[in-house]
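# Structural description and commentary
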Amino acid sequence: MGLLTIGAFAKASRLSPKALRLYGELGLLTPARVDPVTGYRFYGPEQLDQARLVAWLRRLGMPLARIQHVCTLEARSAALEVRAFWAQVEADTAARRDLATFLIDHLSWKDPAMSPTAKPLGIRYAARSDAGLVRQSNQDTAYAGSRLLAVADGYGSAGAPASAAAVDALKHLETDSIPAGNLLNVLEDAVEQAKQAVHGIAGTGSSLEEAGTTLTAMLWTGSQLALVHIGDSRVYLLRDAELFQITHDHTMVQSMVDEGRLSPEEAASHPQRSLLIRALGQGADATPDMRLHDAQRGDRYLLCSDGLSTIVPTEEIHRVLSEITEPEQAVRELIALANGSGGPDNVSCVVADVVELQQ
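A short tour of the structure in this document, coming up.

About the criteria used
Residues numbered from 1 in each chain as written. Predicted model: local features only at pLDDT ≥ 70, side-chain atom pairs only at ≥ 80, totals over all residues. Heavy atoms only, no water. Helix = DSSP H or I, 4+ residues; strand = E, 2+ residues; numbered from the N terminus. Rg over C-alpha atoms; globule rule 2.2 N^0.38 Å. Buried < 20%, exposed > 50% of the residue type's maximum accessible area, 1.4 Å probe, protein only. Contact = heavy atoms within 4.5 Å. Areas by Shrake-Rupley, 256 points an atom, 1.4 Å probe, with all protein chains shown as cover. Lys, Arg positive; Asp, Glu negative; His and termini not counted. Charge placed at Lys NZ, Arg CZ, Asp CG, Glu CD. Pairing = 2+ DSSP bridges. Axes fitted to C-alpha atoms, helices over the stretch in contact; angles between N-to-C directions. Salt bridge = Lys/Arg side-chain N within 4 Å of Asp/Glu carboxyl O. Phe/Tyr/Trp six-rings, centres within 6.5 Å; stacked < 30°, edge-to-face > 60°.

Counting secondary structure elements, the chain contains 12 helices and 15 strands. Over its C-alpha atoms the chain spans a radius of gyration of 26 Å, topping by over 25% the 21 Å that the globule rule assigns to 359 residues. Its C-alpha atoms give the chain principal-axis dimensions of about 90 × 50 × 40 Å. Among the 359 residues that make up the chain, the fraction classed as buried is 46%. Sequence-distant contacts in the chain: of pairs separated by 6 or more residues, those separated by 24 or more amount to 65%. Per element, the accessible surface of the chain, about 18,000 Å² overall, is 52% carbon and sulfur. Counting 32 positive and 44 negative side-chain charges, the chain places the averaged centre of each group 9 Å from the other.

Now the structure itself:
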């Protein structure tokens with residue numbers, strides 16, 4: 001078979017002539033021959049496979065620069081790259097889904113105080129942070145109040161003041177009156193304030209990369225808990241004797257699990273399991289996950305740094321949360337378990353119970 005005209009090649013590859021001209025200019029699909037007089041383009045039949053691959057990848061929404069990279073790879077590596085791209089698309093979609101759910105709940109939310117049949121709920125809470133048995137200093141910050149629950153895990157030479165600054169930036173939420181219709185804006189502003197506070201700490205050091213922190217916080221609204229999450233601290237919910245992790249770790253290793261490149265078992269012992277892809281710090285992606293959780297009487301929430309979740313098995317966390325009634329005793333026991341397993345990291349815990357208020 002001889003060379004194909006651009007029209008015939010476009011029909012065979014399912015790419016428009018306009019797209020083929022663009023891809024030729026980018027070096028993605030260079031014509032086999034260009035007529036020096038007419039400028040008419042011709043393509044070889046052997047270019048069809050690459051053209052069809054480009055067409056399929058464009059249907060996936062892959063950017064042209066990344067398609068260009070995929071086309072330089074051998075088949076197995078190209079497949080892994082496509083898998084990684086689609087995993088990121090699904091992660092982005094999940095994040096948008098969470099935001100959409102948040103907005104739907106937010107826009108349809110009614111002040112529980114307006115309902116005469118609603119039983120008033122509150123939270124009973126305790127917070128504790130410990131340096132562990134190996135680290136010389138504690139870069140974690142844990143806080144619990146009548147409305148705000150927060151854990152931050154600092155890193156770098158100024159990690160301790162960074163985590164403290166992030167949590168301090170949220171404490172005004174304890175006393176500020178927040179109209180039901182303004183909750184989303186308040187949370188967004190609070191995250192921005194925390195981000196600026198951490199950047200202020202970083203700016204005082206010898207390097208702009210010397211301060212950073214995770215931030216996981218929940219704001220009690222009276223019937224719901226609004227979650228803001230950046231990094232690899234976690235929130236667990238104990239409901240009806242079942243334990244659920246309701247946050248997603250923003251780590252490189254977790255992204256590799258999401259992409260199918262690592263199993264959860266391999267991730268648990270991976271040397272880079274603490275490498276963050278989202279955090280509050282200079283140059284970091286500080287995009288938060290945000291959700292609303294409808295609270296039920298009897299719910300128990302645990303916010304913790306990775307000094308607990310990576311050291312103490314989930315089964316043991318479940319046991320403590322199920323068996324120990326008082327929040328203060330529960331946080332002490334969880335920290336004791338982390339230290340009993342060597343205490344290699346700082347560990348922080350906040351336990352909050354949703355209870356019916358006495359009238």
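Next comes the rest of the account.
The antiparallel open sheet is built from 5 strands, whose spatial order is E4-E15-E14-E10-E11. Two strands close off the open sheet at either side, each with one partner strand: strand E4 (121–130) and strand E11 (242–245). Recorded for the sheet is a direction-independent mean angle of 20° between the axes of neighbouring strands. The sheet contact formed by strand E10 (residues 234–239) and strand E14 (residues 300–304) spans 5 bridges and is antiparallel. Bridging from a neighbouring strand, Leu238 pairs with Arg300 of E14. Across the sheet, helix H11 (residues 314–323) lies against E10, E11, E14 and strand E15 (347–356), angled at about 125° from E11, the strand it touches most.

Let us look at the sheet that holds strand E2 (residues 33–34). Taken together, the 3 strands give an open sheet; going across it, the order is E1-E3-E2, and neighbouring strands pair in antiparallel fashion. Of all strands in the sheet, those bounded by a partner on one side alone are strand E1 (4–5) and E2. For E1 and strand E3 (residues 41–43), the ladder comprises 2 bridges, and the chain directions are antiparallel. Each residue of the ladder has a partner; that of Thr5, found in E3, is Phe42.

Next up on the list: the pattern of salt bridges. Evaluated as defined, the whole model comprises 14 salt bridges. Close ionic contact of Arg124 with Asp353 constitutes a salt bridge, the shortest N to O distance being 3.2 Å. Residue Arg124 is found in strand E4, and its partner Asp353 is found in strand E15; the two are separated by 229 residues along the sequence. Residue Arg124 is classed as partly exposed on the basis of its relative accessible area of 34%. With a closest N to O distance of 3.0 Å, Arg128 and Glu328 form a salt bridge. Taken together, the positions of Arg128 in strand E4 and Glu328 in helix H12 (residues 327–340) put the pair 200 residues apart, joining distant regions of the chain. You can call Glu328 partly exposed: its relative accessible area is 31%. One salt-bridge network, in which partners are shared between bridges, spans Arg124, Arg300, Glu326 and Asp353.

Now for the packing of aromatic side chains. Tallying each qualifying case throughout the model produces 2 aromatic pairs. Ring geometry for Phe9 against Tyr43: centres 4.4 Å apart, planes inclined by 10°, an arrangement best described as stacked. With Phe9 in helix H1 (residues 6–13) and Tyr43 in strand E3, the pair connects residues that are 34 residues apart, well separated along the chain. Of the residues examined, Phe9 reaches a relative accessible area of 0% and is grouped as buried. Taking the relative accessible area as the measure of exposure, Tyr43 reaches 0% and is therefore buried. Aromatic pair Tyr40 and Phe42: ring centres 5.7 Å apart, planes at 70°, arrangement edge-to-face. The exposure class assigned to Tyr40 is partly exposed, which follows from its relative accessible area of 40%.

Interpretation in functional terms is not warranted from these geometric data alone.
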